[in-house]
Amino acid sequence: MFTPESLIPGITVTDAKKDLRDAERIEQYRLGIEAVYIPAGLKWNYIPRSAIQSASSSHRTVSAGHCVTVEVKTPALEIVTAEKSFDLHLEKAASLERFLEVLSAEI
């Protein structure tokens, strides 16, 4: 197993491998005690929870069709850090609510 890498330079977690193993699975992402883990091919990257300044709901619009355009709004989570912001695209509103429940309690 690859060691997860921090997406925030200079901020790491104590034991990323253990935190990832114990993390709660929310769709394709993992929510650990110390970080939010994002899949990156065969390895994982993470955003340390100590670096998160805010987390809010967002959405993305998916367009399909050629003759008749269909737009579908799907939930997304916007995580803001001092370095930059990250959008985590989700399929279910319940997943977004779970992320917000946990992350908003800390901020």
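Please refer to the structure placed before this passage.
Residues numbered from 1 in each chain as written. Predicted model: local features only at pLDDT ≥ 70, side-chain atom pairs only at ≥ 80, totals over all residues. Heavy atoms only, no water.

Participant: Explain the sheet that holds strand 6 (residues 52–64) to me, please; I cannot follow it from the model alone.
Facilitator: Sheet strands line up and pair through hydrogen bonds in the backbone, either parallel or antiparallel. The sheet built from 3 strands is open, its strands ordered 6-7-8 with antiparallel pairing. Strands with a single pairing partner mark the edges of an open sheet, and in this sheet they are strand 6 and strand 8 (85–89). When strand polarity is set aside, the average angle formed by the axes of neighbouring strands in this sheet is 30 degrees. Across 12 bridges, the pairing between strand 6 and strand 7 (residues 70–81) is antiparallel. Within the sheet, the bridge partner assigned to Val62 lies in strand 7 and is Val72. (Pairing = 2+ DSSP bridges. Helix = DSSP H or I, 4+ residues; strand = E, 2+ residues; numbered from the N terminus. Axes fitted to C-alpha atoms, helices over the stretch in contact; angles between N-to-C directions.)

Participant: Can you help me understand the packing of aromatic side chains in this one?
Facilitator: The relative placement of two aromatic rings is captured by the distance of their centres and the angle of their planes. For the coordinates displayed, the defined rule picks out 2 aromatic pairs. Consider the rings of Tyr29 and Phe99, whose centres lie 6.4 Å apart with planes at 70 degrees: the pair is edge-to-face. Of this pair, Tyr29 sits in strand 3 (residues 29–31) while Phe99 sits in helix 2 (residues 93–106); the two residues are 70 residues apart in sequence, bridging distant segments of the chain. Tyr29 sits in the buried class, given a relative accessible area of 6%. Assessed through its relative accessible area of 0%, Phe99 is described here as buried. (Phe/Tyr/Trp six-rings, centres within 6.5 Å; stacked < 30°, edge-to-face > 60°. Buried < 20%, exposed > 50% of the residue type's maximum accessible area, 1.4 Å probe, protein only.)

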